[in-house]
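Chain and residue survey
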Amino acid sequence: GENVEQHPSTLSVQEGDSAVIKCTYSDSASNYFPWYKQELGKRPQLIIDIRSNVGEKKDQRIAVTLNKTAKHFSLHITETQPEDSAVYFCAAIQSGNTPLVFGKGTRLSVIA
Amino acid sequence: DAGVTQSPTHLIKTRGQQVTLRCSPKSGHDTVSWYQQALGQGPQFIFQYYEEEERQRGNFPDRFSGHQFPNYSSELNVNALLLGDSALYLCASSLAGAGETQYFGPGTRLLVL
């Protein structure tokens, strides 16, 4: 089955700097890669996703890149703000009939 | 447009007891997936329901069972609770045939003493 590795497990950046979180996946059949943000005590919230026919997607300060050949994808947050502090999870899925497989998460701290 | 809702928000049980958690999917969604999230970990897939049937199941024992109703809402039942079942239980809803995007409910935090 699918296995998703996520790095780093913790990340501290100064406000205004960029943050990058990287994930690798094992199943080449996976074709949908969402990113979730989870604040303490709250639900995982979908922040951006990318499908396998696209190499990059951007939404304001957030972007995701996908390298299907290398089976890795990354989350990029620019101009970080204190409210970006949270745990971020990457995930991979083959189709709507298969389960989301999550990475172990990255705790991002943005220091003002 | 109602989002995913879950009840109860918190629950305390003792070992050996049984628990039922409930989920109502986002309006227009027909598929419900359940996940267990232990402290400091990513969500782990339990099972998925579509058309009132269990479509996929993760690596969880038979003590974990579920049900989906005609209105697409779903229940997760856990029998013979163990201390290790203490976790945040999340349900996620999606629309079959419309892609894989899943939206999570707020979760039920279960504590087993």
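These lines cover the structure that appears in this document, whether it is placed above or below. (Residues numbered from 1 in each chain as written. Chains lettered and ligands numbered in written order. Predicted model: local features only at pLDDT ≥ 70, side-chain atom pairs only at ≥ 80, totals over all residues. Heavy atoms only, no water.)

A closer look at the overall build of chain A
As a reminder, the rule being used: In this text, helices come from DSSP runs of H or I with a minimum length of four residues, and strands from runs of E with a minimum of two, each type numbered from the N-terminal end. A radius of gyration in this sense is built from C-alpha atoms; the matching globule rule multiplies 2.2 Å by the number of residues raised to 0.38. Three exposure classes are used, based on accessible area relative to the maximum for each residue type with a 1.4 Å probe and protein chains only: buried under 20%, partly exposed in between, and exposed over 50%. Any two residues having at least one pair of non-hydrogen atoms within 4.5 Å are treated as being in contact. Surface accessibility follows the Shrake-Rupley procedure with a 1.4 Å probe radius. Residue values consider only the protein chains on display as shielding.
What chain A contains, in helices and strands, is 0 helices and 11 strands. When the elements of chain A are put in sequence order from the N terminus, they spell out β-β-β-β-β-β-β-β-β-β-β. Taking 112 residues into account, the globule formula puts the C-alpha radius of gyration at 13 Å, and chain A, at 13 Å, falls close to it. Each of the three principal axes of chain A carries a C-alpha extent, and together these read 40 × 30 × 20 Å. Scored against the burial criterion, the 112 residues of chain A give a buried share of 42%. The long-range share in chain A, meaning contacts at least 24 apart out of those at least 6 apart in sequence, stands at 53%. As displayed, chain A has an accessible area near 5,600 Å², and 46% of this comes from carbon and sulfur atoms.

As for the pattern of salt bridges
Residue and element names in this part refer to chain A. Here is the rule: Every case where a carboxyl oxygen of Asp or Glu lies within 4 Å of a side-chain nitrogen of Lys or Arg is listed as a salt bridge.
This model, assessed by the stated rule, comprises 5 salt bridges over all chains. Across the pair K57 and D49 runs a salt bridge, and its minimum N-O distance is 2.8 Å. Taking the relative accessible area as the measure of exposure, K57 reaches 36% and is therefore partly exposed. Looking at D49, the relative accessible area reads 13%, which means it is buried.

Examining the side chain of Q48 of chain B
Mapped onto the fold, Q48 of chain B is located in strand 5 (residues 44-50). Classification of Q48 of chain B by relative accessible area gives buried; the value is 0%.

Comments concerning the sheet that holds strand 3 (residues 19-25) of chain A
All names here are of chain A. Note the following rule: Note on pairing: two strands pair once DSSP finds at least 2 bridges between them. In this analysis an axis means a line fitted to C-alpha atoms, helices contributing only their contacting stretch, and an angle means the value between N-to-C directions, from 0 to 180 degrees.
On the basis of which strands lie adjacent, the open sheet formed by 5 strands has the order 1-3-8-7-6 and antiparallel pairing. Edge positions in the sheet fall to strand 1 (4-7) and strand 6 (56-59), since each has one partner strand and no second. Put simply, the sheet's adjacent strands are angled 15 degrees from each other on average, direction ignored. Where strand 6 and strand 7 (residues 62-67) come together, 4 bridges link them in antiparallel fashion. Note that in strand 7 the partner of D59 across the bridge is I62.

Some points on the state of the cysteines
All names here are of chain A. For clarity, the cut-off: By definition, disulfides here are pairs of cysteine sulfur atoms that lie within 2.5 Å.
Taken as a whole, this structure holds 2 disulfides over all chains when the rule is applied. The disulfide partner of C23 is C90, and the gap between their sulfur atoms is 1.9 Å. Between C23 and C90, the S-S dihedral sits near -100 degrees, and the bridge is therefore left-handed. Within this pair, whereas C23 is found in strand 3, its partner C90 is found in strand 9 (residues 86-92), the two being separated by 67 residues in sequence. Each member of the pair C23 and C90 is classed as buried.

Looking at a nonpolar patch on the surface
Counted only if it meets this: Patches draw on residues past 30% relative accessible area with no salt bridge. Two like charges within 9 Å are joined, as are two nonpolar side chains (Val, Leu, Ile, Met, Phe, Trp, Tyr) within 5 Å.
Together, I12, L111 and L113 of chain B make up a nonpolar patch on the protein surface, roughly 300 Å² of accessible area in all. Relative to the assigned elements, L113 of chain B resides in the segment after strand 11 (108-112).

A short note on the environment of K22 of chain A
Residue and element names in this part refer to chain A. Within the secondary structure, K22 sits in strand 3. Along the sequence, K22 and P8 sit 14 residues apart, while their C-alpha atoms lie 7.3 Å from each other. Sequence-distant contacts of K22, that is, excluding residues within four places in its chain, are made with E5, Q6, H7, F73 and S74.

So, unusual backbone geometry
A cis amide bond, omega -5 degrees, links H7 of chain A with the succeeding residue P8 of chain A. Put simply, S7 of chain B and P8 of chain B share a cis peptide bond, and its omega is -10 degrees. When you line up the elements, P8 of chain B lands in the loop between strand 1 (5-7) and strand 2 (10-13). Phi is positive for Q60 of chain A, close to 60 degrees, though the residue is something other than glycine. Within the secondary structure, Q60 of chain A sits in the loop between strand 6 and strand 7.

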